[in-house]
There are 2 protein chains.
Amino acid sequence: MDKIIEKILTFSDPYIALDERVVIKKNEIIVDGNHFPYTKPAIIAVGKASYKMAKFFIDKLKDVKGLVILPKGSYISLPKVEVIESTHPDISELSFKAGTEVIKFLKNEDYDLLIFLLSGGASALMEYSNVPYEILRDINEKLVKSGLSVNEINIVRKHLSLIKGGKLTEFSKAPILTLIVSDVPGGDLSAVGSGPTLPDSSTVDDAKLILNKVGLGEYSKYLIETKKEVHNSFNFLILDINIVLRKLRDIVQNPIILSSEIRGDAYSFGQNLAGIVNTSFSNLGLKPPYTLLAGGEPDVKIEGKAGKGGRNGEVCLGFLKWVKRNSNHRFKLYAIATDGIDGNSEYAGCIVDENTIVDNIEYYIYSHSSYEALEKVGRVIKTGYTFTNVNNVYVLEVT
Amino acid sequence: MDKIIEKILTFSDPYIALDERVVIKKNEIIVDGNHFPYTKPAIIAVGKASYKMAKFFIDKLKDVKGLVILPKGSYISLPKVEVIESTHPDISELSFKAGTEVIKFLKNEDYDLLIFLLSGGASALMEYSNVPYEILRDINEKLVKSGLSVNEINIVRKHLSLIKGGKLTEFSKAPILTLIVSDVPGGDLSAVGSGPTLPDSSTVDDAKLILNKVGLGEYSKYLIETKKEVHNSFNFLILDINIVLRKLRDIVQNPIILSSEIRGDAYSFGQNLAGIVNTSFSNLGLKPPYTLLAGGEPDVKIEGKAGKGGRNGEVCLGFLKWVKRNSNHRFKLYAIATDGIDGNSEYAGCIVDENTIVDNIEYYIYSHSSYEALEKVGRVIKTGYTFTNVNNVYVLEVT
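About the criteria used
- Residues numbered from 1 in each chain as written.
- Chains lettered and ligands numbered in written order.
- Predicted model: local features only at pLDDT ≥ 70, side-chain atom pairs only at ≥ 80, totals over all residues.
- Heavy atoms only, no water.
- Least-squares fit on C-alpha atoms with pLDDT ≥ 70 in both.
- Contact = heavy atoms within 4.5 Å.
- Pairing = 2+ DSSP bridges.
- Helix = DSSP H or I, 4+ residues; strand = E, 2+ residues; numbered from the N terminus.
- Axes fitted to C-alpha atoms, helices over the stretch in contact; angles between N-to-C directions.
- Buried area = accessible area lost by both parts, 1.4 Å probe.
- Salt bridge = Lys/Arg side-chain N within 4 Å of Asp/Glu carboxyl O.
- Polar contact = N/O pair within 3.5 Å; in protein donor to acceptor, adjacent residues only side chain to side chain.
- Phe/Tyr/Trp six-rings, centres within 6.5 Å; stacked < 30°, edge-to-face > 60°.
- Buried < 20%, exposed > 50% of the residue type's maximum accessible area, 1.4 Å probe, protein only.
- Parallel < 35°, antiparallel > 145°, perpendicular 65-115°, else oblique.
- Left-handed = near helix turned anticlockwise from the far one by under 90°.
- Nonpolar A, V, L, I, M, F, W, Y, C, P; charged D, E, K, R; others polar.
- pLDDT = per-residue confidence, 0-100.

Caption draft 1: Structural context of the relation of the copies chain A and chain B. Mapping chain A onto chain B calls for a screw motion: a turn of 180° about the axis and a shift of 0.0 Å along it, with 0.0 Å RMSD after fitting. Expressed as a symmetry operation, the mapping of one chain copy onto the other fits a two-fold axis. In terms of proximity to the rotation axis, the leading residue of chain A is Asp-265 of chain A, whose C-alpha is 3.3 Å off the axis. When the interface residues of chain A are mapped onto chain B, 100% of them again fall at the interface, so both copies present the same face.

Take a look at the structure:
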């Protein structure tokens, strides 16, 4: 496997990240110098990284019990804990079932420290609410179609749930140590999985405004307030894209971190990466050799049919179509989904350089079938599902 | 007027650019050390910058005659030359009339040096072709709607014309000194106004491939070859976005030129400028204080109705919606169209900073009415038509 890809996967591995930050002793756990005593520890892990996060504690703690909630199709079993499969990104009856199991566990089990392992996807994987499932599902569908930002959708979701926006803490008998693998660009921890154990600054009024703005005011009656303060709940960011980029910075040549919050149209981002390279080679822009680093979650707007593709495939095609070829211009672009799955393909992303030529590239661009092109020229990267999610990483070497 | 805006307009002024590069003596013109003798000079100016380019020579040359082709509605008169109004970006009968006037002038007038002043927009403003006007208009409409890149559309246009792709040189009795103000990101001079006096590397076969690709093969019968070599024709780039950015670099604090080829979705570009600022303030990215410089032509895809807006308005709204506010974060974004007109507004662009707050920003984003919002908060810039076009300039001060 390519060295840079290997490093990206290592730096994005939650097991390794926990190993670097969490010290487990016989009767206490230490995180960043904070001591958490235990005799009967319990873990609840929910999100795309829950398997590796749970495995860390299962490996290190002699006696531990708990629940691990994973996306459907993970086909994972783990000793000492119960594994439940649920759905994401959509809320389903499995989400309600998972939420009910968690509440039952917190109420009935005997534990003196709850280790809550939170990662992206938790918001849909686990739900517990007074709002009937069918109604909550309709609200979610309408929210996603309304064009609201992710942040606004999250504010409404938090105020429709009994376990989001800090409210999960009300069900725990013991102190809660929350360790977070974040997929949210910009580091807002309370947005990861709708922050079950974190205080929430948004209010019912904010949620009402948002619902009214998109003509969904009728659902305001279901809104309940989130917790502005949480007690006995200690939250630590273990891993996010910033941490990954910081580590990458130390192993590449002349690093320039541009942004850890790449958003907007994926194809446009690829075009603009090409513009940066072209400007460098018209000795005006950044001076080669350099390695531009970025991370985030650009998106692809699909109207009508789409072939096999994904955001990182479109970044690479946008780049290849607009980058200027010149015998002494060397460049290499890595575009990788840290969770191992880009779009509707089996690939994590692609690596392209000055020798990558895609014939009839417009066809693959307009039909959103980027990986059909990249497969043909052997530039795809297959990692399989990686049980983590800290967004997508872009590395652009210009020499 | 704001100091940075003033500088951008000065650096984009073709009259000033010519004054810096062109020496006019009694019987010769010197450009970059190349001598062009004359006794009876003639000028033909075509494009959005033709007024100021022509004015420079009219002011400096005692006896000069010529034609100046301007966009309709310029309402300009100039001594010593004939002014013709035509249309752009669409080809019309006025374009054919202007082309015919140019050919008549070149055939009938007495001159020993032709000074050809070329700028963006010339491709539509002036046309001379064996293809009947109605057919050429249909082909153009279909090309623009086909989703082909600007570059591919240009290749077909060049091979349907008798004066594009170097063929204008065949009509001149005298050496041609071509001075170019380029609106084409990436510096391909032969793409400016479809290169009437420059050799063209693309071929009839290329044009055929492109037409076939989008189901317009029936028009291949009209294709004629362009000139691979031109004689007695000397081309100089006088002004483009790279030159403007280079000059800006010398007058701002800690300049970083990112790209002179900004393309793709304008709103996404604004989002990603915000991501760069946010990453800087999470002490990971570029170290403040710095001034990021960029130029190019991002675009706006409008589906359905649109309010008063433009690409630079959408860049600013994308930036404002995603940039993080924090008491000690200072930032200022300038987004300016050097031709003075952004989108369907009367504005050139906008300046926004940490104090710019737009209520209900989503409404203005989705209705593509960016300037209705920016007018309300007094952040618009009005320069009027500037008689130049070297794309859009973006200056992002982060302190």
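Caption draft 2: Quick peek at the sheet that holds strand S9 (residues 233–239) of chain A. Residues and elements named next belong to chain A. Taking strand neighbours across the sheet as the criterion, the six strands line up as S6-S5-S4-S7-S8-S9 in an open arrangement whose pairing is parallel. For this open sheet the edge positions go to strand S6 (82–86) and S9, each flanked by a neighbour on one side alone. Along the sheet, successive strands turn relative to each other by an average axial angle of 15°, direction set aside. Both strand S7 (residues 113–119) and strand S8 (residues 176–181) contribute to a ladder of six bridges, which runs parallel. Its bridge partner lying in S8, Leu-114 is registered against Ile-176. The strands touched by helix H3 (residues 50–60) within the sheet are strand S4 (41–46), strand S5 (65–71), S7 and S8, with S7 carrying the most contacts at an inclination of about 150°.

Caption draft 3: Quick peek at the pairing of strand S3 (residues 34–37) of chain A. Residue and element names in this part refer to chain A. As paired strands, strand S2 (residues 28–31) and S3 are joined by four bridges and run antiparallel to one another. Each bridged residue has a counterpart across the sheet, and for Glu-28 the counterpart in S3 is Pro-37. Two successive antiparallel strands, S2 and S3, enclose a turn made up of two residues, where Asp-32 displays a positive phi of approximately 50°.

Caption draft 4: Seen up close, the interface of chain A and chain B. Residue-level contacts link 40 residues of chain A with 40 residues of chain B. Both faces considered, chain A and chain B share a buried interface measuring about 3200 Å² in area, 47% of it formed by carbon and sulfur atoms. If you look at where chain A meets chain B, you find four salt bridges. A salt bridge links Lys-213 of chain A to Glu-362 of chain B, with the nearest nitrogen and oxygen atoms 3.0 Å apart. On inspection of chain A and its partner chain B, the count reaches 19 residue pairs in polar contact (both at pLDDT 80 or more).

Caption draft 5: Molecular detail of the packing of aromatic side chains. Under the counting rule described, the total for this entry stands at 26 aromatic pairs over all chains. For the pair Phe-319 of chain A and Phe-331 of chain A, a centre-to-centre distance of 5.5 Å together with 85° between the ring planes defines the contact as edge-to-face. One end of the pair, Phe-319 of chain A, is in helix H11 (residues 311–322); the other, Phe-331 of chain A, is in strand S12 (residues 331–337), with 12 residues separating them in the sequence. Under the relative-accessibility criterion, Phe-319 of chain A is labelled buried at 0%. When the centroid spacing of 5.6 Å and the interplanar angle of 75° are considered together, the rings of Phe-96 of chain B and Tyr-133 of chain B count as edge-to-face. Of the two residues, Phe-96 of chain B is situated in helix H4 (residues 93–108) and Tyr-133 of chain B in helix H6 (residues 133–145); the sequence distance between them amounts to 37 residues.

Caption draft 6: Focus on the packing of helix H7 (residues 150–158) of chain A against helix H8 (residues 204–213) of chain A. Residues and elements named next belong to chain A. In the contact formed by H7 and H8, the axes pass within 9 Å of each other and the chain directions differ by 120°. Between H7 and H8, the angle is such that the two are oblique. Between H7 and H8 lies a crossing whose hand is left-handed. Within the contact between the two elements, H7 uses Glu-152, Ile-155 and Val-156 and H8 uses Asp-206, Ala-207, Ile-210, Leu-211 and Lys-213. Tallied by class, residues from the contact of H7 with H8 come to five nonpolar, no polar and three charged.

Caption draft 7: Here's a closer look at the confidence of the model for chain A. Summing up the model confidence of chain A, the mean pLDDT is 94 and the portion of residues at 70 or higher is 100%. For this predicted complex, the interface score ipTM comes out at 0.92, alongside a pTM of 0.92.

Caption draft 8: Highlighting the environment of Thr-226 of chain A. Residue and element names in this part refer to chain A. Its place among the elements puts Thr-226 in the loop between H8 and S9. Sequence separation of Thr-226 and Asp-200 is 26 residues, and the distance between their C-alpha atoms is 6.2 Å. Residues contacting Thr-226, with those up to four places away along its chain left out, are Lys-158, His-159, Gly-165, Lys-167, Asp-200 and Ser-202.

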